[in-house]
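Residues per chain, in single letters:
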Amino acid sequence: LSYFGTHKHTHTHTHTTQTLHPLAPAMSPLPPKPSSLIVPPGPVRAVVNKTASFVAKNGPSFESRILGSAQGSTPKFAFLQPTSPYHGYYQWRIEWFKAGGDLDLEAKQEEEEASRLREEDDAAKGDG
């Protein structure tokens, strides 16, 4: 059975699907974030995401240039080292960007989900 096996739905329901970037290759689902990843805090995450997007676009030589520069040995780029707790997140983000991941779309989806959860929470409190 292939990963993209087919089946028929006998009932209707609403799915949330991941939208691929228009330039993403066809049939390239975004890799899910493993639950074991350590997500860096905001300022570090921004640097990781930006670096991962450049490496996804420009290839591993871009990472090599950073590592070979004076900046490559600074704490700002410590996530490039395999021993960093954020290295797994960085590697996942590279693959995510390669598959067409879009940070703006991700942020919008996360905000919509948070809003939906708040509404459900408010409705549950109203029922008590």
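Preceding this paragraph is the structure being described.
Thresholds applied
- Residues numbered from 1 in each chain as written.
- Predicted model: local features only at pLDDT ≥ 70, side-chain atom pairs only at ≥ 80, totals over all residues.
- Heavy atoms only, no water.
- Helix = DSSP H or I, 4+ residues; strand = E, 2+ residues; numbered from the N terminus.
- Buried < 20%, exposed > 50% of the residue type's maximum accessible area, 1.4 Å probe, protein only.
- Contact = heavy atoms within 4.5 Å.
- Areas by Shrake-Rupley, 256 points an atom, 1.4 Å probe, with all protein chains shown as cover.
- Core = buried A, V, L, I, M, F, W, Y, C linked by side-chain atoms within 4.5 Å.
- Phe/Tyr/Trp six-rings, centres within 6.5 Å; stacked < 30°, edge-to-face > 60°.
- 1 Å grid on protein atoms, 1.4 Å probe; cavity = no way out; pocket = protein on both sides within 12 Å on 5 of 7 lines; lining within 4 Å.
- Points joined across faces, edges and corners; volume = space filled by probe spheres on them.
- Nonpolar A, V, L, I, M, F, W, Y, C, P; charged D, E, K, R; others polar.

Visitor: Whenever I open this one, the overall build of the chain confuses me. Can you help?
Guide: Helices and strands together make up the secondary structure of the chain, namely four helices and zero strands. Secondary structure elements in the chain, listed N-terminal to C-terminal, are α-α-α-α. Among the 128 residues that make up the chain, the fraction classed as buried is 26%. Taking the contacts inside the chain whose residues are at least 6 apart along the sequence as the reference set, 64% of them involve residues at least 24 apart. Taken as a whole, the chain presents about 9400 Å² of accessible surface, with 57% of it coming from carbon and sulfur.

Visitor: Teacher, can you tell me more about the nonpolar core here?
Guide: Nonpolar side chains in soluble globular proteins generally cluster together in the buried interior. Counting residues in hydrophobic clusters, the biggest one holds 18 residues, and the most contacted among them are Phe77, Phe79, Leu80 and Tyr90. At the level of secondary structure, the elements contributing two or more residues to this core comprise helix H1 (42-58), helix H2 (60-68) and helix H3 (87-98). Top contributing element to this core by residue count: H3, with six residues. The residues contacting Phe79, other than those within four sequence positions of it, are Val47, Val48, Thr51, Ser84, Tyr86, His87 and Tyr90.

Visitor: Help me understand the packing of aromatic side chains in this model?
Guide: Here a ring pair, both rings aromatic, is described through the centre-centre distance and the interplanar angle of the planes. By the definition in use, this model includes six aromatic pairs. Measuring from ring centre to ring centre gives 5.7 Å for Tyr89 and Trp92, while their planes differ by 50°; the resulting arrangement is tilted. In this pair, Tyr89 and Trp92 are both assigned in helix H3, three residues apart and thus about one turn of the helix distant. Each of the two residues, Tyr89 as well as Trp92, counts as buried. Where Trp96 meets Phe97, the ring centres are 5.1 Å apart and the plane angle is 75°; that geometry is what we call edge-to-face.

Visitor: What am I meant to see in the layout of surface pockets here?
Guide: Think of a ball as big as a water molecule: rolled over the atoms, this probe shows where empty space is left. In this model, the second largest pocket occupies a volume close to 230 Å³. If you go around the second largest pocket, you meet ten residues; those closest to its centre are Ser53, Ala56, Lys57, Phe97 and Gly101. Within the residue set of the lining of the second largest pocket, elements represented by two or more residues are H1 and H3. Here the element with the most residues in the lining of the second largest pocket is H1; it accounts for three residues. A breakdown of the residues in the lining of the second largest pocket according to their chemical character gives three nonpolar, four polar and three charged.

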